[in-house]
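Examination of the molecular architecture
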Amino acid sequence: MFSDLTERLHIREQQGLKRHRAVTEGPQSTHVVIDDRVYLSFCSNDYLGLANHPELIQAACQGAQHYGVGAGASHLINGHSVAHHTLERALAKFTGFPAALLFSTGYMANMGVITALAGRNDVIFADKLNHASLNEAALLSRAKLIRYPHCDTVALERRLAASGSGGKLVITDAVFSMDGDIAPIRPLIRLCEQYDAMLLLDDAHGFGVLGGKGRGTLFSPAAETRHSPRVIYMATLGKAAGVFGAFVAAADEVIETLIQTAKSYIYTTASPPLLAHTLLKSLERIENDSWRRDKLYQLIELLKAKLQPLKWRLMPSDTPIQPLVIGEAREAVHVSNALKEKGILVPAIRQPTVPRGTARLRISLSVAHEEADILRLADELHEIAAGDDVYG
Ligand SMILES: *Cc1c(COP(=O)(O)O)cnc(C)c1O
């Protein structure tokens, strides 16, 4: 087994698929320091610029003073503090669901929901481009897993109609993490009602960004839907919310079922209450700072306009995730490296994260970017595209 590891790592390296971790210094921001050099970064999911916000830092310090640094136990023993409880109530109210439950991470939330609700006799219907955590959870649940072509509700309906008895659960990213496009929420809810299925919406990238006051994709014009008791809404708190963690919002019966049976909720230490305390402050900023979303959307439009003449195409996306498709993994890495030499960080995303032949630069924008940052990125991309060395 051990010699196999060496061999496989070597192959990975040869194929240009070996990944490296950049060691950053200082806080997450549009400018990060790596190896003593300052880079302009388009990498983070800190869409609203809250990860390093002074009010949140102050709340974290107060939270530590008040609650200490560790929860000390799981939620069902005695790690569930008033900070967690208050945040759950606030999140339920904010997203318009009867109840909400905090998880330590989005990955664990997806694991918990899917394995608690679906088992051997059930069927899970999953969009082909779903996040890895949804796929892994579906496999772990032992339910029958049926994948449908990306956002194809006609194909999904065929599969729903053909499936026999057993519970049905449809799982999908609300905003697709590597493409930036939005799931067809309204038709999905309609299909789930028609075929007696539940719908798990993973809004890791929509919460805080889309919908009035940043309430998430269910409140965006793309969805603009009434809530259905069939909808289970999951969002992370480490992206636009700028902190850490995740929550699930749903009908009381769903939340109570998760408290009783979701293993990734029960058998793990509660997240530090100071984080929940900080997230209450984050929620205030999300709800009240509409200017953050307004500015973000101006930056997105500016980027689209400036990259329009490039030979590489931006994927159709109206979210802060703006993927520029390059094609081959090696070439995407080459463009990413060329930008890095110019002091700009944009990650190259390759298989297996995205389908082979669609390697891309995943440009993510934050309200903390300035127009000048966008112009600089566009100029450098045009220069790289014009150079012969790209195909070398
Ligand atoms: C980031 C992400 C997750 C995982 O959330 P974490 O809180 O980072 O564990 C789940 N689903 C999607 C779509 C994501 O982008």
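See the structure printed just above.
Residues numbered from 1 in each chain as written. Predicted model: local features only at pLDDT ≥ 70, side-chain atom pairs only at ≥ 80, totals over all residues. Heavy atoms only, no water.

Details of the packing of helix α5 (residues 106–117) against helix α6 (residues 132–141)
For the pair α5 and α6, interaxial distance at closest approach is 8 Å and the crossing angle is 35°. α5 and α6 meet at a crossing whose hand is right-handed. Counted together, Y107, N110, M111, I114 and T115 of α5 and S133, L134, E136, A137, A138, L140 and S141 of α6 form the full contact between these two elements. Across the contact of α5 with α6, the residue classes break down as 7 nonpolar, 4 polar and 1 charged. (Axes fitted to C-alpha atoms, helices over the stretch in contact; angles between N-to-C directions. Helix = DSSP H or I, 4+ residues; strand = E, 2+ residues; numbered from the N terminus. Left-handed = near helix turned anticlockwise from the far one by under 90°. Contact = heavy atoms within 4.5 Å. Nonpolar A, V, L, I, M, F, W, Y, C, P; charged D, E, K, R; others polar.)

Digging into the sheet that holds strand β13 (residues 344–345)
In space, the 4 strands of this open sheet follow the order β1-β2-β3-β13, with mixed pairing throughout. At either margin of the open sheet sits one strand with a lone partner, and together these are β1 (24–25) and β13. Where β1 lies against strand β2 (residues 31–34), 2 bridges are found, and the strand directions are antiparallel. Bridge pairing links E25 to V33 in β2. (Pairing = 2+ DSSP bridges.)

Considerations on the site of the ligand
Surveying the vicinity of the ligand reveals 14 residues, the closest of which are G106, Y107, D202, H205 and K239. Within the contact set of the ligand, an oxygen atom lies 3.0 Å away from a backbone nitrogen or oxygen of Y107. Here D202 contributes a side-chain N or O atom positioned 2.5 Å from a nitrogen atom of the ligand. In isolation the ligand offers 380 Å² of accessible surface; the protein chains occlude 82% of this area. For the shell around the ligand, the element with the highest residue contribution is α5, accounting for 3 residues. (Near = heavy atom within 4 Å. Polar contact = N/O pair within 3.5 Å; in protein donor to acceptor, adjacent residues only side chain to side chain. Areas by Shrake-Rupley, 256 points an atom, 1.4 Å probe, with all protein chains shown as cover.)

Section: the sheet that holds strand β8 (residues 197–202)
Across the sheet, 7 strands lie side by side as β4-β10-β9-β8-β7-β5-β6; this open sheet has mixed pairing. Here the strands that pair on one side only, and so sit at the sheet edges, are β4 (99–103) and β6 (144–148). Taken pair by pair, the neighbouring strands of this sheet meet at an average axis angle of 20°, ignoring direction. Strand direction decides the pairing type here: strand β5 (residues 123–127) and strand β7 (residues 168–173), joined by 4 bridges, are parallel. Paired with V123 across the bridge in β7 is K168. Relative to strand β9 (residues 231–236), α5 is tilted by about 160°, and along the sheet it contacts β4, β5, β7, β8, β9 and β10 (246–250).

Re the nonpolar core
V170, F207, F247, L324, I363 and L381 are the most contacted members of the largest nonpolar core, which totals 82 residues. Once residues within four sequence positions are removed from consideration, F247 is found in contact with L91, T95, A100, L101, L102, F103, F207, Y233, M234, A235 and L237. Counting residues in each nonpolar core, the second largest holds 29 residues, with A118, V248, A262 and I266 among its members. (Core = buried A, V, L, I, M, F, W, Y, C linked by side-chain atoms within 4.5 Å. Buried < 20%, exposed > 50% of the residue type's maximum accessible area, 1.4 Å probe, protein only.)

Topic: the side chain of S44
Positionally, S44 belongs in the loop between β3 (37–41) and α2 (54–67). Classification of S44 by relative accessible area gives buried; the value is 16%. Reaching out from S44, the side chain makes a polar contact with the backbone nitrogen of D46 at a distance of 3.0 Å.

Regarding the packing of α2 against helix α11 (residues 273–288)
Between α2 and α11, whose axes approach to 8 Å, the crossing angle comes to 150°. Relative to α11, α2 is oriented roughly antiparallel. Of the two elements, α2 crosses α11, and the hand of that crossing is right-handed. Residues E55, L56, A59, A60, Q62, G63, A64 and Y67 of α2 touch α11, and the partners they reach there are P273, L274, H277, T278, K281, S282 and R285. Looking at the contact of α2 with α11, its residues break down into 7 nonpolar, 5 polar and 3 charged. (Parallel < 35°, antiparallel > 145°, perpendicular 65-115°, else oblique.)

Focus on the state of the cysteines
By the definition in use, this model includes 0 disulfides. In this structure C192 is a free cysteine whose sulfur lies 14 Å from that of C151, the closest cysteine sulfur available. (Disulfide = S-S within 2.5 Å.)

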